[in-house]
Each structure stands twice: as structure tokens, then as C-alpha cells.
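A structural walkthrough
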Amino acid sequence: MPDSNTNILAVGVGGQGIILASEILTYALMNAGYDVKKSEVHGMSQRGGSVNTHIRFGKKVYSPVIKEREVDILFAFEQLEALRYFGFLKPGAMVILNNHTVNPPSVSLGIDEYPGDVPQTIKKRFPNFHLVNGLDLALKIGNSRTANIVLLGVLSKYIKVEENSWIDAISKVFPEKLININIEAFRLGRKEG
Amino acid sequence: MKELLSGNEAIARGAYECGVTVATGYPGTPSTEILENIVKYEGVYAEWSPNEKVALDVAAGASFGGARVLVAMKHVGINVAADPLFTLSYTGVKGGLVIITADDPELHSSQNEQDNRNYAKFAKIPMLEPSDSQEAKEFVKIAFEISEKYDTPVFLRTTTRISHSKSIVEIHEPKRSPISLELVKNPAKLVMLPANARKRHPIVEERLRQLKTFADEFSENKVEINNANFGIITSGVSYQYAKEVFPDYSYLKLGLIYPLPEKLIKEFAGKVKKLYVVEELDPYIEEQIKAMGIKIAGKDIFPICGEFNPSIVENAISPSSKQHMKEEVSLKLPPRPPNMCPGCGYRGIFYVFNKLKLFVAGDIGCYTLGFLPPLSAIDTCVSMGGSIGHAMGLDKALGDEAIGKVIAVIGDSTFLHSGITSLLDIVYNRGSSTVVILDNQTTAMTGRQEHPGTGLTLKGETAKKVDLIELCKGLGVEHVRTVDPFDLTSVEETVKEEIFRKEPSVIISQAPCVLLKSQRVKPSKPFMVFNEKCNGCKACIKLGCPAIEWKNIKDVSKTDKLTSDNKKRKGIAIIDSMLCNGCGLCQQLCKFEAIGEINA
Ligand SMILES: Cc1ncc(C[n+]2csc(CCOP(=O)(O)OP(=O)(O)O)c2C)c(N)n1
């Protein structure tokens, strides 16, 4: 195990399943024998507000929150939210972006404009960039609600954790009847993303 | 066995492992999950009390009977419970009594960021502060031992980053409490009238002296001597931040933050060259250390406001290290504040308040989001239950000037928490305010907890449900009416009638929270905009519904610049059918019959 820790920042909009996906990620890391900490702020953020979750793992983790400019992987569920956290990324960080937009209120009201071509902006600064059509993939297996787990599957390709640790984590978090569909979603992301 | 637990889950587990049989509290971020988890353990009675003072009173009673009791609340909850708190310091306990205060530096979801460590000193009650979930669990057990050994309530203080961070915890089997349950009369200790209480005060002072000695020997006040040039005194999550950026400095990590270990601090100070105290919010530890005559750096280099993170700690102690300035993306990004859900029963009420240009004395709950544009209809928000008093005060101060202009709005859980007595004040003192109670059948803001008006307990058992109408009538309010908040005309008429009435009145808005999972809510069919009829007037946009968006005509493909009856338009409204839950408010506002049910 390397001495330095890995820092993942998961961001998006309340209701996108970020908290659940982060929970599974954290369990998988624990299953794989890492020390791991996860920090999130819930409360107000549930009502469609912007959400962020810090996940840190390695040999020994102290702070539950990531230092500015120390994010190794930005795991973004929504375009605008990905931009919002630019300042936290390490130079050379990897960005996994769900190709999805949710308008904030000022945009719906016609006051602000949604920023144009976000994937391009990100790619220019962070060439290690992966754009994923989470919803399309989720619809392939017939359940739009599994988009978060498809995305987690994509992320899993870049983390040194065996597949069975992931499967155990998914099985722990979901109720019996949702386990299989989510394992399917995870595998799809891991294969195609 | 290892488990991944949040600080809150770990506290619940710790309580279970050391034989807690009674747990009370009132919801409040970031403390809520403690009771939600403890109730799942067998053999624990746990309740949502109507408010924090009641929670502490019930806890005190259970402790007097010999039970180990846990009480949990957010930082401002302690203000509500402060009255019994200070005197319980005098009575002491029989079964251990541990009070969790969950502070919220940075005000992630609170009305202030008060530092409740001050309560420990103020009420002369010992306080522990864990720095991760493992400690949270262990410190609960230690807290019970201290409580029983020193005959005192004990605080366990968390902050949001401890409550809501998950880390790995070693799980153990539960043990029974060592204290026996029995009814024992002990007036000298439990009846705090002056003659008795006067005798208890010196006992409190003696207890503090003993606790100070204990603090110097307490194994969770830990010294780590590394690089002797720099020493950091800290506790809680601040320890983790400091350790992250300065792993080889020397540390005195305090597990017990009241009373402080004076001897240990002096020894540590003697072993290092330059001394820092790293603590969020007030200079609480700093001032006490300075009073010991020790030179230490603290709030001269650290902020008082907001929470810390590793970068803040690093920059304060060695500003030269690396200037981590948060880089702003060149374009300014639109903010994404939380919003009322699509189909929320509150939207219509606040739409009407806005339309009537009322001064809205507000309260705390999801409805505080009515503050945001375009509804912009909350004008005060100070404390739970405050709204009703604000309206009364405004009426009394302004007299006729306020008639027809002021209204109070309060949620059902908040009304039952601390609104009842204020309504009584309006009745008693010849007020004439109108109070709108938003009855959504849950405590929505904190994640949908039961309360005395929902008909269920924390455990999920059926319970007697308070009748809000009869309650208000019983207080002496003669004009109590109900409205369906999805009927805008009726809401507007009812509000207009009541605000001009020169007597107290209550309007109860009845609509369950749309997030309630039970059969209580069935979403209707989603609505849609009939593209050709919409003339882009933005009337529906004034609802601030997340499902409705206004788009410039040039950004909408295959859409004519003219409506079907040849009117010019700049844009059109679009309803997202995935988000819409068919409440129908927007349809009521559309003058062009451009909104209707899908497949209608
Ligand atoms: C003294 C105090 N206790 C608890 C809280 C946390 N809190 C904020 S709003 C709220 C309850 C809101 O419930 P309700 O009045 O029913 O409104 P809703 O959120 O359902 O709209 C609570 C418990 C607080 N802010 N202050």
C-alpha cells in the first residue's frame, strides 16, 4: 500500500444518489483493507441544493475533509457542480463527469445562464477526463435510478479494489430486491464507462 | 468486529454497549441520527420529545430512577434545555446522564454557530470531545463512568464533521448498567429549593476540584512528543486537521475539554518551544491556558468564525508553506441553494404572502426556504417558535399600522416545540395576530421525524395524535380555520379575511410533506405546457417550482415566435415531467390555458 492517501471528491445535486454511491465506495474501500474516512454535510443540501462528499483512503487517514488543491479524483454527477469545485483539484487530477445538467433556480427563472460547454472547459484544464452518459447506460438495463451505480462502476476502474469487495458493499447497502439490478448497473459502468 | 460508522451512529452504538435504557431528544442537524439509530437497539426506550427541555426533564427523571440515559440535541437545543441543565448540575444523577451537544461550526444548517463548550464551564458540567467515530463510541462509555463516579451530568460535544463523518469502529457486545433501578426519596439532593440548593453548590465546587485532578491523569488527554520546537494543544476534529498537515509536531490532544488538565498543560508547555492552540470558534481553551500564565498562539492567527479544514490550519501556523488560494473559475457560477420540493404544500401559501406583500414573521423549518426569490416571503427567522411572538410584538409596537400587513407562519413540529405558549400570549394579552400553522404531518427539515401531531412515535408505534384545531381553540383562539394550500383562491381569501380581523386567528394549512413515504401522499399525474398556447408571461415562474423552467425562444428548437393565436412571445415555460408531481398550482396561475395534465 502506498504511503500517501487518495482523495476523492463526489459532487452533484441533492437527490442524485451521491450519498449512497459514496457510502458503497467507502464500504468497498474498508472491505479492501484501507483506512478510510468519509465526510459529508446533509441537512439543507437534500432539497435540491449542491452536495459534496469527501472520501479519503490509504494506510492511515487523519482529516475527514480534503485539503484544498489535493483532490485526486473529482467524481461529478452534474456539470455545473463539477465546475464549482475546480479550485479543490490537484494539478493533473482525474475528472469523471456524468454528462448531465440540472438547472439551478436562477437559470430556471431566466436570470442566469447555464455555463456553456462544460466538458470542453474541464478537458482543457484536466486532460485526464472521462465523460459518461450515466442515464443512457442506466436506461440500457431499464432503470434510470441506477445511474449513480453505473457511475460508481466507471469510477471503480481507477481504484485498486477487487470486484468482490464492491459487490459485498453493494449487497450491504441495498435492500434484497434491489441488489441484483444494482450489481448489473455497477458491472455495466465498470465495463463500458 | 469492524464497522464503518458516522459519529452519530457510533454514539448510539456506544450507548447501547454500556447499557443505556432510556434515550430522549428533539431532532436537529447534526444530532438527529443518534436517536434514529439508538431506537433500533433492543431494550432501549427512545423518544422524540416535543422539545429539548422536555427531553432533558424526562432524562433527568429516568436518571433519578437509576437508568443510564442519553439525551441528544443540536447546539441551540441546549439553549432550550438550559433551565433544567444548570440545576441538574446541582442535583447530580443516580444512573449516568450523558448529554450530547452537536455543534455546527460554519452553520451548515443552523441559525447561529454558538460554541457550546462555554456551557460546560458555565454550568460546571464536565465535557468530553471525540475526534473520530471510534472515540465517539468509547467516550460515551467513559462519559457514563464519569457521570456515576462524580455524580454529575456529563456533556459529550461533537461538531458536524464528527457527527457526519464515517470512519472505522471496533464493535463490542453490550453490557448491563451497573446501577440498579429503584425509587429512592432523596429530597436534600433532588428538591432544589434554596435551603437545599445552597448546600449543593459547595458540593459542585468540590466535584470540580476532583475532576481537575482526574483530568491530569485521564488517559484520553494524550501527550505525543515529536518535534519539540512546535507544540499543539487541540481536541476534536481540529486534532485531525493539524495532524494531517503537521504530522511530526508535538501534541497535547485533549479528550476532556472541561475541566482542563492544568498540570499536564504546564508540563507540555515546558517541553516545547513554540505553543499553539488549534480550536474552532471561540478562544475557549486559549483563554484558560492564558489564565494559567502560559504564552500561546491562538485566535491571533486563527479565525473565530466558521469551521476549519487542513488548509486553514496549515496557513495559520506556517503561512509561508504554500499559499493555497481557492482558485475561482473565471466565469461566475449560478448558486444552487436548496429549494422547496416540486409539489410542496408550502409553495401556494408563500405565493399568496408575496402577492399580498405581507410582512411575514417566520420560523425554522423547510418553510424558511420561502425566503428565497421568487417567493421572497419570510421576513424574520430567529429561533424555534419565535414567529408568533414576533407578530405579537410587531402588532403591539405598530398598532393600527400593522393591521392587515403582518402574519406569522410556523411549521407543525415547531408549533408543538415552542409555539403554543406564544399563541397563548396573543390570546391572553388581547393581541390580534394571525398565525398560519403549516401542518405537513412531519418534521421535514431534519429528515421527516415523527412528532406529537403525526400519530406515530419514534419507534413507529401508533400514538394519540394532537388535534391542532382543538388545541388552538382550547387556548382561546376563536377563529380557527383550515385551508387546502393547493387552492390558491381559497388561500388568498382566507388570509385576507383573517389578517384584518381584530382578534387572534389561526389558519391551519393541511397538506402532507411530498417526501413522506407512507400512503399519506399520492402524487398526481404530471402537468405539461401546451407549447403553442404559452405566451411566455412568466406567471407560473413566480412559484419558484424546480420543475418549471423559462426558456428563451431562440433556445427552444422547433418553436414558433408566435403563439397559436398569433401573439408575439420572447420565450416559453417548460415543465420537466420527471420532476413535476402534479400539484396543479401553475395551472391555476396560467391565464392562457397553456398548462394541463399530460394525456388529459
Ligand atoms: C432549538 C432548535 N431545535 C431544533 C432545531 C432544528 N430544526 C430546524 S427546523 C426543525 C423542525 C421543522 O419542522 P416543522 O416545523 O414541522 O417544519 P417543516 O420542516 O416540516 O416544514 C428543527 C427540528 C433548531 N433549529 N432549533
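Basis of the calculations
Residue positions within a chain follow its written sequence, with the count starting from 1. Both sets of labels track the order of writing: A upward for chains, 1 upward for ligands. Totals for whole chains, interfaces and linings use all residues, but because this is a predicted model, local features are given only for residues with pLDDT of at least 70 and pairs of side-chain atoms are given and counted only at 80 or more. The basis for every side-chain value is the complete set of non-hydrogen atoms in the structure, without hydrogens or water. Between the N-to-C directions of two axes lies an angle of 0 to 180 degrees, each axis being a line fitted to C-alpha atoms and, for a helix, fitted only over the stretch in contact. Helical segments are the DSSP runs of H or I of at least four residues, strand segments are the runs of E of at least two, and each set is numbered from the N terminus. Each angle gets one of four labels, with under 35 degrees taken as roughly parallel, over 145 as roughly antiparallel, 65 to 115 as roughly perpendicular, and the rest as oblique. Left-handed describes a crossing whose near helix is turned anticlockwise from the far helix by less than a right angle; the clockwise case is right-handed. What makes two residues a contact is simply this: any of their non-hydrogen atoms within 4.5 Å. Note: domain ranges come from an automatic or database domain assignment. For any pair of parts, buried area is found by adding up, for both, the accessible area (1.4 Å probe) each one loses once the two are put together. Each reported salt bridge corresponds to a side-chain nitrogen of Lys or Arg within 4 Å of a carboxyl oxygen of Asp or Glu. A 1.4 Å probe rolled over the protein chains alone gives each residue an accessible area, and that area as a share of the maximum for its type sets the label: buried under 20%, exposed over 50%, partly exposed in between. When residues are sorted by character, Ala, Val, Leu, Ile, Met, Phe, Trp, Tyr, Cys and Pro go into the nonpolar class, Asp, Glu, Lys and Arg into the charged class, and all the rest, Gly among them, into the polar class. Between any two strands, pairing holds if DSSP finds at least two bridges.

1. A few points about the packing of helix α1 (residues 18-31) of chain A against helix α7 (residues 163-173) of chain A
All names here are of chain A. Two elements in contact, α1 and α7, have axes separated by 8 Å at closest approach and are oriented at 130 degrees. Overall, the two elements α1 and α7 adopt an arrangement that is oblique. In terms of crossing hand, the pair formed by α1 and α7 is right-handed. Residue-level contacts link L20, E23, I24, L25, Y27, A28 and N31 of α1 to S165, W166, D168, A169, I170, K172 and V173 of α7.

2. A few points about the domain arrangement of chain B
Residue and element names in this part refer to chain B. Split by domain assignment, chain B resolves into domain 1 (2-217), domain 2 (222-317), domain 3 (346-519) and domain 4 (527-597). Here the C-alpha centre of domain 2 lies 25 Å away from the C-alpha centre of domain 1. At the interface, 31 residues of domain 1 touch 28 residues of domain 2. Each partner contributes to the roughly 2500 Å² buried at the junction of domain 1 and domain 2, and carbon and sulfur atoms together form 57% of this total. Of all residues in domain 1, R117, E129 and D216 give up the largest surface area on contact with domain 2, accounting jointly for 25% of the area buried on that side. Linking domain 1 with domain 2 are three salt bridges.

3. Some thoughts on unusual backbone geometry
Working note: non-glycine residues mostly have negative phi, and peptide bonds are mostly trans. Residue and element names in this part refer to chain B. In this model, Y258 is joined to P259 through a cis peptide bond whose omega is -10 degrees. Put simply, P373 and P374 share a cis peptide bond, and its omega is 5 degrees. Counting through the fold element by element, P374 comes out in the loop between β14 (359-361) and α15 (386-398). Backbone geometry at Q441 places phi at a positive 65 degrees, although glycine is not the residue there.

4. Looking at the pattern of salt bridges
Residue and element names in this part refer to chain B. Summed over all chains, the structure comprises 45 salt bridges over all chains. With a shortest N-O distance of 2.7 Å, E498 and R501 are connected by a salt bridge. Given the relative accessible area of 0%, E498 is considered buried. Via salt bridges that share partners, D103, D115, R117, E129, R157 and E279 belong to a single interconnected network.

5. Section: the interface of chain A and chain B
Accessible area lost when the parts come together is the quantity often used to give the size of an interface. Between chain A and chain B, the contact holds 50 residues from the first and 51 residues from the second. In total, chain A and chain B occlude about 4700 Å² of area from one another, counting both sides; carbon and sulfur atoms represent 58% of this. Of all residues in chain A, the largest losses of buried area upon contact with chain B belong to R47, Y62 and K67 of chain A, amounting jointly to 17% of the total for that side. Taken together, the connections running from chain A to chain B amount to six salt bridges. Where R56 of chain A meets E244 of chain B, a salt bridge forms, and the shortest distance between an N and an O atom there is 2.9 Å. Secondary-structure elements contributing two or more residues to the side of chain A that touches chain B are α1, β2 (35-40), β3 (50-58), α2 (79-84) and α3 (105-108) of chain A. Of the residues assigned to the side of chain A that touches chain B, the class counts are 20 nonpolar, 13 polar and 17 charged. Strand direction decides the pairing type here: β2 of chain A and strand β8 (residues 165-170) of chain B, joined by two bridges, are antiparallel. Bridged to K38 of chain A within β8 of chain B is K166 of chain B.

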